[in-house]
Amino acid sequence: MADSPLLSRQGPSRSTWLRARKARPQLILSRRPRRRLGALRWCGRRPKTAAPSPASSPTPSPAPAADPVSNYLATLPIPPVRPAGPGRALVLLPLEQGFTFSGICRVTCLYGQVQVFGFTISQGQPAQDVFSTYTHTRLAITAVHYSVSEKNKKEMKREARTLLKPHLNKDDRCWLMKNFSPLCSIVMLEHLKTSTVNFIISHPGLSYVFVQESPTFQINSEYFALRSVGIKREKKKNGLRLTESALSAMEELVSVSCEEVDGCPIILVCGAQDVGKSTFNRSLINQLLNSISCVDYLECDLGQTEFTPPGCISLLNITEPVLGPPFTHQRTPQKMVYYGKISCKNNCENYIEMVKYVFSSYKRESPLIINTMGWVSDNGLLLLIDLIRLLSPSHVVQFSSGRSKYMPNLTPDYVDDMDGLYTKSKSKIRNRGFHLPEFTENLDFVDEEKESPVVFTGHKLMCVQSDFTFRKTPRNRDSHNKVLRDLAVLGYLGQLQPPVPKPLSPLHSLTPYQVPFNAVALRIIHADVAPTHILYAVNASWVGLCKILDDVRGYANGPILLAQTPICDCLGFGICRGIDMEKRLYHILTPVPPEELRNVNCLLVGAVSVPQCVFKSQRGLEGTIPYITTDYNFKLPGASEKIGARETEKADEEKLPPRPRRCRKTN
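Residues numbered from 1 in each chain as written. Predicted model: local features only at pLDDT ≥ 70, side-chain atom pairs only at ≥ 80, totals over all residues. Heavy atoms only, no water.

Participant: I'd like to hear about helix H3 (residues 153–164), residue by residue, with values.
Facilitator: If you check H3, its first and last C-alpha atoms are 16 Å apart, about what 12 residues at 1.5 Å a residue would give, namely 16 Å. Of all the positions in H3, only Met 156, Ala 160 and Leu 164 are classed as buried. Angular distribution of buried residues about the axis of H3 spans 70°; they occupy a single face of the element. Facing away from the buried side of H3, by more than 90 degrees, are the exposed residues Lys 154 and Thr 162. Buried-residue contacts for H3 involve strand E3 (98–111), helix H4 (170–178) and strand E8 (185–191). (Helix = DSSP H or I, 4+ residues; strand = E, 2+ residues; numbered from the N terminus. Expected span 1.5 Å × (residues − 1). Buried < 20%, exposed > 50% of the residue type's maximum accessible area, 1.4 Å probe, protein only. Arc of directions from axis to C-beta. Contact = heavy atoms within 4.5 Å.)

Structure follows, in structure tokens:
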């Protein structure tokens, strides 16, 4: 998904300054007199014209008729940018040319039609918030072709002037009309601040996710205009690039989704890690929303979720475009289950049951995109075969890359002939199965031999070759993904903040909800914890707010402990800020609305933790920071990474030394 290295703050090297010195005539500050800053104009690099060859014929051949469109495009090789007031900038985009940038801004198409991440924005449509961050590939605003009515250029100019008048002053309109062409698209970029972004960048070091300063040798009006918006122009090579096979697959899927007669297509996207599955899913969602009103999305990737905090299996109905990374668009699912871990390698059967439980809520009223994990080797491949059999997709999009491990083509014949982790091949079940046109919650394994009753109906395999340029290695992939998961949690907690322009409120200043011990049941998902230590594990932890069918009322005291992890609806998440032992209350901080909290009767604690920056970087704290210590004994039972793990499980795992943590909960 992310294909760029995270947060680079290196200074310019010696070779950089040498190149700058060679390009000295382009600098403003030098010994030679230069134009003053106020007189600077936009200057793009124009293509050089080839010198006439001396061996050419002295009699020139007749030149072809000049094409006004080609001449116009040749005069604007780089989209010009013009300031349009504080925090605003105008971009004039010739047809099929893009403006690649980093940062966040609000994009409004004043005239023509542009596309961002596959989503089309036309004149008169609402503005869209775009997040082009350094954790992912930079986004671009590209002018696309649009229908032009049978009007002459003068009439088109009059129409454009009318559209621009409510947004721009006379000088800006005159500048645009001077460079106007029917093929142009005019875009307004505005400074954008959201409470979620403000909350994320309030933590030290995270402001570089959105903006990174670098040496700039051409300081002109464009530079100041973009800086006032809060963005920076990037090179085209840093922007999003999809391969021909990815574009072809996307075009076919959009066509099928718009023309489907017998039902909505179910599209399962699979492949190894870091091959572009998430990027493909976002672009596909955006392109589908150009033609249909909504798209359903089933999240089966526990580690890198798209719309929820990590560790979840969820089903969402998407009606708005996805124009940024996951931590900028956390949303409320229709159905969600909290698995509690970022990997299912130790409990695949429970994972399958949760996927079936969530998938049972799919109503087949709109196309469904299924995102899967990047674990496609050994048992991961067998688990993927189980998912294909159980979910019965109509299309399987399989990504491959020269840098990823070999993965066999998941053709219908291959899936039929292979045993999954929990399902048997078609040749083994013979006629014992039956077709499931609606796939309800009654889908269960039939006996102890785990022979599946499902007959796989087949799918169309679409192979996509990825050439994603990323510099992640197995060594830094884990740390990079950990940062993305922390950002997703911070993005979720950002919903606690008041809307802009109100100032941020530190989390410790917000009033938590008081939950009695006897009103909710407790379960630690990822570890075995002694009942006497349960409250220590819950305190200052990330908790799933769930609803179980069992009635937990009637218990006099508490806490109420569950013996098994339930498969139940998760309504949201929160932080257990503290526990009042005298009043027997949990203090829960959560953005879940009160009307939903009334249905919560279970708290699940998993391996997903609160980011350390939340504990260490809260403003307004004086003295000792709660839950933080530098004096911690890692030799105590349960003090290592494998908290509460069984001895039998430890014996089966590799004996690696535990990694020390900087932040630990204390009494």
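Participant: Could you give an account of the pairing of strand E5 (residues 119–122), naming the residues involved and the relevant values?
Facilitator: Alternating positions in E5 separate into two faces, Phe 119 and Ile 121 on one and Thr 120 and Ser 122 on the other, with burial throughout. Pairing of strand E4 (residues 113–116) with E5, which is carried by four bridges, proceeds in the antiparallel orientation. Counterpart to Gln 113 in the pairing with E5 is Ser 122. Once E4 ends, the chain turns through two residues before running back antiparallel as E5, passing Phe 117 with a positive phi of about 55°. (Pairing = 2+ DSSP bridges.)

Participant: Please provide a residue-by-residue account of the pattern of salt bridges, values included.
Facilitator: Side chains bearing opposite charge may pair, as long as their charged atoms lie close to each other. Across all of its chains, the model carries nine salt bridges by this definition. Lys 335 is the partner of Asp 569 in a salt bridge, and the nearest nitrogen-oxygen pair spans 3.2 Å. Of this pair, Asp 569 sits in strand E21 (residues 569–580) while Lys 335 sits in strand E13 (residues 335–338), and the two are 234 residues apart along the sequence. In this structure, Lys 482 and Asp 486 form a salt bridge, with 2.9 Å as the shortest nitrogen-oxygen distance. You can see Lys 482 and its partner Asp 486 sitting in helix H13 (residues 474–493), four residues apart, about one turn around the helix. For Lys 482, a relative accessible area of 36% translates into the label partly exposed. (Salt bridge = Lys/Arg side-chain N within 4 Å of Asp/Glu carboxyl O.)

Participant: Talk me through the nonpolar core; I want residue IDs and the actual numbers.
Facilitator: Within the largest apolar cluster, 88 residues are counted, with the highest numbers of intra-cluster contacts made by Phe 99, Ile 141, Leu 189, Phe 280 and Tyr 351. For this core, the element with the highest residue contribution is helix H10 (residues 379–391), accounting for eight residues. Setting aside anything within four residues of it in sequence, one finds Ile 141 in contact with Leu 93, Gln 97, Gly 98, Phe 99, Phe 101, Val 107, Val 114, Gln 115, Val 116, Val 187 and Leu 189. Counting 60 residues, the second-largest nonpolar core is a separate cluster that includes Phe 327, Val 543, Phe 573 and Leu 589. (Core = buried A, V, L, I, M, F, W, Y, C linked by side-chain atoms within 4.5 Å.)

Participant: Report on unusual backbone geometry, specifying residues and quantitative values.
Facilitator: With an omega dihedral of 15°, the bond running from Val 500 to Pro 501 counts as a cis peptide bond. Within the secondary structure layout, Pro 501 lies in the loop between H13 and strand E17 (513–516). Positive phi, close to 55°, is recorded for Asp 378, a residue that is not glycine. Positionally, Asp 378 belongs in the loop between strand E14 (368–371) and H10. Of the residues examined, Asp 378 reaches a relative accessible area of 67% and is grouped as exposed.

Participant: Quick one: what's the story with the environment of Cys 294, residue by residue and with numbers?
Facilitator: Relative to the helices and strands, Cys 294 is located in the loop between helix H8 (277–289) and strand E11 (295–299). Cys 294 sits in the buried class, given a relative accessible area of 19%. Sequence-wise, Cys 294 and Glu 320 are 26 residues apart; in three dimensions their C-alpha atoms are separated by 7.9 Å.

Participant: I'd like a description of the packing of aromatic side chains, backed by residues and values.
Facilitator: Taken as a whole and assessed by the stated rule, the structure comprises 14 aromatic pairs. Measuring from centroid to centroid gives 5.3 Å for Tyr 223 and Phe 224, while their planes differ by 75°, and the two rings are edge-to-face. On the basis of relative accessibility, which here comes to 21%, the residue Tyr 223 falls in the partly exposed class. The class for Phe 224 is partly exposed, based on a relative accessible area of 41%. Taken together, a centroid distance of 5.3 Å and an interplanar angle of 75° make the contact between Phe 280 and Phe 399 edge-to-face. Of this pair, Phe 280 sits in helix H8 while Phe 399 sits in strand E15 (residues 395–400), placing them 119 residues apart in sequence. On the basis of relative accessibility, which here comes to 5%, the residue Phe 399 falls in the buried class. (Phe/Tyr/Trp six-rings, centres within 6.5 Å; stacked < 30°, edge-to-face > 60°.)

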